[in-house]
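Residues per chain are reported as follows:
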Amino acid sequence: MTTESAERVSWPGRYFEDFSVGDVYRHPLGRTVTATDNVWQALLTQNTMPVHFDAHYAAQTEFGRRLVDSTFTLALVTGQSVTDVSQHVMANLGWDKVRLPNPVFEGDTIYSQSEVLSVRESRSRHNVGIVTVRTIGFNQRGEIVIIFERTMMIYRRGYGPDVTTVRPVWDERAQRAVQGP
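Computed from a prediction, not measured in an experiment: that's the story for all the values here.

Draft legend 1. Region of the structure containing the pairing of strand β6 (residues 144–155). The element β6 is extensively covered by neighbouring structure, given that ten of its twelve residues are classed as buried. Where strand β3 (residues 89–99) and β6 come together, seven bridges link them in antiparallel fashion. Across the sheet, residue G94 finds its bridge partner in β6, namely T151. Strand direction decides the pairing type here: strand β5 (residues 128–138) and β6, joined by eleven bridges, are antiparallel. Bridging from a neighbouring strand, G137 pairs with I146 of β6.

Structure, rendered in structure tokens:
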């Protein structure tokens with residue numbers, strides 16, 4: 001690689017102008033939930049419900065095993081959607097209508113997708129627009145485990161932070177590292 005190499009940002013994310021009502025974005029990454037994820041989330045957030053961290057307690061419930069903390073599921077599926085819906089978010093305005101129709105268990109792999117519900121101009125800020133999406137998360141069997149609507153202020157193209165202007169500096173040490181001894 002040299003200073004003359006072709007550069008391209010692989011996926012810059014969507015700006016306000018890129019959203020259309022009815023678009024559905026299947027988010028690219030799935031994630032298997034581990035026991036560590038579940039127990040740490042419960043303990044970090046001081047969630048004292050033992051069904052998340054006490055296997056003996058959980059075995060006595062109708063589920064027969066530990067349930068994944070639902071706030072972890074919300075955070076995970078929100079995170080999975082960032083690359084498609086909020087890479088250029090100025091602010092999250094809210095999560096609404098959060099529903100958990102099926103449980104998540106340790107070992108489940110969660111996938112997600114979002115549908116654009118509304119797109120409108122901001123009345124107070126010229127540099128952003130308001131986008132609302134419905135995001136669903138589903139497990140490896142296709143069972144929907146979470147549904148929510150999320151409203152965000154999304155930067156218009158040409159506004160907001162631009163990290164693509166930062167370029168690598170091919171100083172003498174970097175050149176030597178590539179060329180070897």
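Draft legend 2. Quick look at the environment of V133. Following the sequence through the fold, V133 ends up in strand β5. With relative accessibility at 0%, the residue V133 sits in the buried group. V133 sits 114 residues away from F19 along the chain, and the two C-alpha atoms are 10.0 Å apart. Those residues within four positions of V133 in sequence are excluded, and the remaining contacts are V85, S114, E115, V116, L117, F148, E149, R150 and M152.

Calculation notes
Residues numbered from 1 in each chain as written. Predicted model: local features only at pLDDT ≥ 70, side-chain atom pairs only at ≥ 80, totals over all residues. Heavy atoms only, no water. Buried < 20%, exposed > 50% of the residue type's maximum accessible area, 1.4 Å probe, protein only. Helix = DSSP H or I, 4+ residues; strand = E, 2+ residues; numbered from the N terminus. Pairing = 2+ DSSP bridges. Contact = heavy atoms within 4.5 Å.

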